[in-house]
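Working through the structure, step by step
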Amino acid sequence: MKIVLKNLTKRFPNRNKKGGADVIAVNDFDFEIPDGMLVGLLGPSGCGKSTTLNLISGLEKPSEGRIFFGEDDVTDLPPENRGVGLVFQSYALYPHLNVFRNIRFPLENFRGKDRLTKEEMEKRVVEAAKLVQIDHLMERKPSELSGGQQQRVAIARALVKMPRVLLLDEPLSNLDARLRLQTREEIRRIQQETKITTVFVTHDQEEAMSISDLIVVMKDGVVHQIGKPQDVYDDPIDQFVAQFLGTPPINMFDGEVRNGQLYIGEDKVLDVPGVRDGAVAAGIRPEGFILDYEGPLVCELTRLEVMGRDVSIIFKDEAMKGEAVRAIIDAKSRVDTGSGKVSFFLKPDKVHLFEPETGERLRFGKAE
Ligand code: ADP
Ligand code: MG
């Protein structure tokens, strides 16, 4: 089931007694979630992710715009008639019911032609429980389960209704780091097995990047970029997206372009044909540095961190933004720490330039 959002806007009245403008939580969303995909809705806290999800589920009414599931306009349908499965950060299981009855609960409310017999309900509950691998825990109460198991019950409870659309709002936030990793793989597997169109909300870029077919990066109610995770990482549309994606994050410098050459401080570091002269914000991904004695970017070495596969070089430069610059090179490279200086060539496709005022991307061509 594809989901189409057309000029979707949600305004909340400002409750500040002194007045002021409405909060625009979702600002003119216009995009399509293709059938059977897992889409990661990604952005910092307060950017409107939950509101977007609540509009899709019907828990909130839009101020403007329409929502379609396939060809059906569902904008005026109440949540219970939309065929959505919802999973939240808090599992909200019924504490006095065992796992079996928690999962069965939504089916007990089916009425009229949708009404199920006891046997049909049991079959569906067992299928959903198997899918999330908790079918051996049916008799337990929620208090007798780990956080990860409780979240699986919540997912099974959303799936048992055979929803047209699955909506997950920060479903891993209450889990510890290891369970978070494991459960996100589980969600991916379940989504691929069921092929239910899924929207997964998170503020954690790594989480979204690792399991999504497409990511939607948003800020302050506005969509900045939509694309495959790798494409968005490799080709960010603006400085916000470039800085939001990637661990360790992109390193930012004050740069200047003169005659198609990028300068960082007085070092002439890269050909950037086609970029206008003047100040730029220059972003360099940690993997964009090539350690070389003859490299044009010369910086002051702070320390080395060896972490298994990679070596991180932490260094300083007068033109850098933030505390330090981090380059990741492979562990074969030898770093001479004697001189206190490190020099680099830059990989052109790992360097992104932006307008300093607006953060708009400044694209450059390939060097001749
Ligand atoms: P996110 O899930 O990305 O953290 P939300 O969608 O919860 O963000 O919130 C987006 C913005 O809308 C925030 O500024 C928030 O304060 C505001 N907001 C959300 N719900 C309400 C509400 N019911 N009333 C007023 N403002 C709200
Ligand atoms: Mg939220």
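Analysis parameters
Along each chain, residues carry numbers from 1 onward, in the same order as the chain's sequence is written. Here every chain gets a letter starting at A, and every ligand a number starting at 1, in the order they are written. Confidence filtering applies because this is a predicted model: local features only for residues at pLDDT of at least 70, side-chain atom pairs given and counted only at 80 or more, and all residues used for totals across whole chains, interfaces and linings. As a rule here, side-chain values come from all non-hydrogen atoms in the structure, and water together with hydrogens is ignored. By this definition, two strands are paired if DSSP reports at least two bridges between them. Strands here are runs of E lasting at least two residues and helices are runs of H or I lasting at least four, both read from the DSSP assignment and numbered beginning at the N terminus. Only C-alpha atoms enter the line fits that serve as axes; for helices the fit covers just the stretch in contact. Angles between N-to-C directions range over 0 to 180 degrees. Contacts between residues were defined by any pair of non-hydrogen atoms, one from each residue, lying within 4.5 Å. In this entry, domain limits derive from an automatic or database-based domain assignment. Put simply, buried area is how much 1.4 Å-probe accessible surface two parts lose in total, over both of them, once they are put together. Any carboxyl oxygen of Asp or Glu that lies within 4 Å of a side-chain nitrogen of Lys or Arg is treated as forming a salt bridge with it. Polar contacts, as used here, are pairs of N or O atoms within 3.5 Å; protein pairs need one atom able to donate a hydrogen and one able to accept it. Residues neighboring in sequence count only if both atoms are side-chain atoms. The criterion for a residue being near a molecule or strand is simple. One of its heavy atoms has to lie within 4 Å of it. Computed by Shrake-Rupley with a 1.4 Å probe, the accessible areas treat only the displayed protein chains as cover when residues are assessed. Residue classes follow a fixed rule: Ala, Val, Leu, Ile, Met, Phe, Trp, Tyr, Cys and Pro count as nonpolar, while Asp, Glu, Lys and Arg count as charged, and any other residue, Gly among them, counts as polar.

1. Some words on the sheet that holds strand S8 (residues 197-202)
- Spatial strand order, S6-S7-S8-S3-S9-S10: six strands in an open sheet with mixed pairing. Either end of the sheet is taken by a strand with one partner, and the two such strands are strand S6 (84-87) and strand S10 (222-227). Geometrically, the sheet is characterised by an average inter-axis angle of 15 degrees between neighbouring strands, direction not taken into account.
- Where S6 and strand S7 (residues 165-169) come together, four bridges link them in parallel fashion. Counted as the bridge partner of Leu 86 is Leu 167 from S7.
- Running at roughly 155 degrees to S7, helix H1 (residues 49-57) makes contact with strand S3 (38-42), S6, S7, S8 and strand S9 (214-219) of the sheet.

2. Let's talk about the domain arrangement of the chain
- Along its sequence, the chain is carved into domain 1 (3-242) and domain 2 (249-362).
- Spacing between the C-alpha centres of domain 1 and domain 2 amounts to 39 Å.
- Between domain 1 and domain 2, the contact holds eight residues from the first and 11 residues from the second.
- Carbon and sulfur atoms make up 44% of the area that domain 1 and domain 2 hide from each other, which totals about 810 Å².
- For the domain 1 face of the interface with domain 2, the top three residues by lost area are Tyr 233, Gln 239 and Ala 242, together amounting to 65%.
- Run the count over domain 1 and domain 2 and you get one salt bridge.
- Two residues, Asp 235 and Arg 361, come together in a salt bridge whose shortest N-O distance is 2.8 Å.
- Counting the contacts that link domain 1 with domain 2 gives six residue pairs in polar contact (both at pLDDT 80 or more).
- Among the secondary structure elements, those contributing two or more residues to the side of domain 1 that touches domain 2 are helix H7 (229-234) and helix H8 (239-244).

3. Some remarks on the site of ligand 1
- Around ligand 1, a shell composed of Phe 12, Val 23, Ala 25, Pro 44, Ser 45, Gly 46, Cys 47, Gly 48, Lys 49, Ser 50 and Thr 51 is seen.
- A distance of 3.0 Å separates an oxygen atom of ligand 1 from a polar atom in the backbone of Gly 48.
- When isolated, ligand 1 has an accessible area of 560 Å², and the protein chains bury 64% of it.
- Mapped onto the shell around ligand 1, the elements with two or more residues apiece are strand S2 (23-33) and H1.
- If one sorts the elements of the shell around ligand 1 by residue count, H1 sits on top with three residues.
- For the shell around ligand 1, the residue count by class is five nonpolar, five polar and one charged.

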